[in-house]
Amino acid sequence: MPFALKRVPTPDDNRGNLAAGARAESRPLNERDRWLCSQIGPKLKAAGMIFVGLDVIGDYVTEINVTSPTGIRELNKKHGVDIGAMLVDAIHRILSAA
């Protein structure tokens, strides 16, 4: 996915949690995002992970979500994609190759 989901807190709450009222924005991945993915992605792939979410604050990864990456619905709506279907297709390709 060539986009990042940015969660913007409300003026009266510093949490970027969408359930707490933060707003979702999308932006294209920048050079730093792509570099972080190039450094982290191969290690996660080697561990058998095919779908993770990276939380980035400023220039730094603060969390790697391997059990419940979020933001799929927001990115689907904003970009007319179906990330869930893309994931299922990737799983089918991996299983077919095994």
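In this report, the structure presented in the accompanying data block is examined.

Criteria and cut-off values
Residues numbered from 1 in each chain as written. Predicted model: local features only at pLDDT ≥ 70, side-chain atom pairs only at ≥ 80, totals over all residues. Heavy atoms only, no water. Helix = DSSP H or I, 4+ residues; strand = E, 2+ residues; numbered from the N terminus. Buried < 20%, exposed > 50% of the residue type's maximum accessible area, 1.4 Å probe, protein only. Contact = heavy atoms within 4.5 Å. Areas by Shrake-Rupley, 256 points an atom, 1.4 Å probe, with all protein chains shown as cover. Lys, Arg positive; Asp, Glu negative; His and termini not counted. Charge placed at Lys NZ, Arg CZ, Asp CG, Glu CD. 1 Å grid on protein atoms, 1.4 Å probe; cavity = no way out; pocket = protein on both sides within 12 Å on 5 of 7 lines; lining within 4 Å. Points joined across faces, edges and corners; volume = space filled by probe spheres on them. Nonpolar A, V, L, I, M, F, W, Y, C, P; charged D, E, K, R; others polar. Expected span 1.5 Å × (residues − 1). Bend = angle between axes of the 7 residues up to and from the residue. Polar contact = N/O pair within 3.5 Å; in protein donor to acceptor, adjacent residues only side chain to side chain. Pairing = 2+ DSSP bridges. Salt bridge = Lys/Arg side-chain N within 4 Å of Asp/Glu carboxyl O.

Notes on the overall build of the chain
Here is step 1 of the chain: Looking only at helices and strands, the chain features 3 helices and 4 strands.
Here is step 2 of the chain: Overall, the chain shows an N-to-C arrangement of helices and strands of β-β-α-β-β-α-α.
Here is step 3 of the chain: Over its C-alpha atoms, taken along the principal directions, the chain stretches across nearly 50 × 25 × 25 Å.
Here is step 4 of the chain: In the chain, which comprises 98 residues, the share counted as buried stands at 19%.
Here is step 5 of the chain: In the chain, once contacts between residues fewer than 6 apart in sequence are set aside, the share between residues at least 24 apart is 39%.
Here is step 6 of the chain: Total accessible area on the chain is roughly 7200 Å²; 56% of this is exposed by carbon and sulfur atoms.
Here is step 7 of the chain: Here the chain holds 13 positive side-chain charges and 11 negative ones, and the gap between their average locations is 3 Å.

Points about the layout of surface pockets
Vacant regions in the atomic arrangement are exposed by a probe of water-molecule size rolled over the atoms.
Here is step 1 of the chain: Each pocket or cavity is described by its volume, and for the largest pocket that value is around 1500 Å³.
Here is step 2 of the chain: Phe-3, Cys-37, Val-52, Gly-53 and Leu-54 are, among the 43 residues lining the largest pocket, the residues nearest its centre.
Here is step 3 of the chain: With 8 residues, the top contributor of residues to the lining of the largest pocket is helix H1 (residues 31-46).
Here is step 4 of the chain: Looking at the lining of the largest pocket residue by residue, the classes come out as 24 nonpolar, 9 polar and 10 charged.

Quick notes on H1
Here is step 1 of the chain: In this model H1 runs 23 Å from its N-terminal to its C-terminal C-alpha over 16 residues, within 8% of the 22 Å that 1.5 Å per residue would give.
Here is step 2 of the chain: Within H1, the axis deviates most sharply at Ile-40, by approximately 35°, and proline Pro-42 lies no more than four positions further along.
Here is step 3 of the chain: Taken together, the buried residues of H1 touch strand E2 (23-28), strand E3 (53-57) and strand E4 (60-65).
Here is step 4 of the chain: N-cap assignment for H1: the residue whose side-chain oxygen lies 3.0 Å from the backbone N of Arg-32 is Asn-30.
Here is step 5 of the chain: Once H1 ends, the next one or two residues include Gly-48, with phi positive near 90°.

A short note on the pairing of E4
Here is step 1 of the chain: Both E3 and E4 contribute to a ladder of 5 bridges, which runs antiparallel. When the bridges of E4 are listed, Asp-55 appears paired with Glu-63.
Here is step 2 of the chain: Counted along the chain from E3 to the antiparallel partner E4, the turn is 2 residues long, and its residue Gly-58 has a positive phi close to 65°.

Focus: the pattern of salt bridges
Here is step 1 of the chain: Going through the model one piece at a time under the given rule, you end up with 4 salt bridges.
Here is step 2 of the chain: Taking the shortest distance from any N to any O, the salt bridge between Asp-13 and Arg-15 comes out at 2.7 Å.
Here is step 3 of the chain: Judged by relative accessible area, which is 48%, Arg-15 ranks as partly exposed.

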